[in-house]
Amino acid sequence: MKNILTVLITMLVLVLGNWLVSFFTPLGFLDIAIPFAGLAVVIVFFFKSKGGMASRHLDMSIQGSTGIRMEQSTPVSDRSYILIGSILYLVLMVGVTFFAYRDYFFN
């Protein structure tokens, strides 16, 4: 239940953020929904990844500049429900946008 709540709160925060950006800019909600969701997925992936390529690259650059070798730990396979919520929001917004602009895409 806690995991489902985390996914729903993530999606709610993304909807509110998308609405705030569309409120303060001349763009519509659906016009910026896909780029906003894509940016959110990239940001969440970068900050919530454990032992991914970005953190390994950072470790190697620090080791190269300091000359101190760090112990490599095995990556922990942990689900990030915030990342799952961000991906679900992206998929949902792609579907809603294509449905709303279906006349444009099919004509």
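Residues numbered from 1 in each chain as written. Predicted model: local features only at pLDDT ≥ 70, side-chain atom pairs only at ≥ 80, totals over all residues. Heavy atoms only, no water.

Attention now moves to helix α2 (residues 33-48). Residues separated by three or four positions in an α-helix point in the same direction, a consequence of the helix having 3.6 residues per turn. Its 16 residues place the ends of α2 22 Å apart at the C-alpha level, agreeing with the 22 Å of an ideal helix rising 1.5 Å per residue. Within α2 the residues assigned to the buried category are Ala-33, Ala-37, Ala-40, Val-41 and Val-44. On an axial view of α2, the arc spanned by its buried residues comes to 100 degrees, and they lie on one face. Away from its buried face, by an angle of more than 90 degrees, α2 presents the exposed residues Pro-35, Leu-39 and Val-42. Buried-residue contacts for α2 involve α1 (2-24) and α4 (81-100). (Helix = DSSP H or I, 4+ residues; strand = E, 2+ residues; numbered from the N terminus. Expected span 1.5 Å × (residues − 1). Buried < 20%, exposed > 50% of the residue type's maximum accessible area, 1.4 Å probe, protein only. Arc of directions from axis to C-beta. Contact = heavy atoms within 4.5 Å.)

Spanning 23 residues, α1 covers 33 Å between terminal C-alpha atoms, matching the ideal 33 Å at 1.5 Å per step. If you check which residues of α1 are buried, you get Val-7, Thr-10, Met-11, Leu-14, Gly-17, Asn-18 and Ser-22. Buried residues in α1 make contact with α2 and α4.

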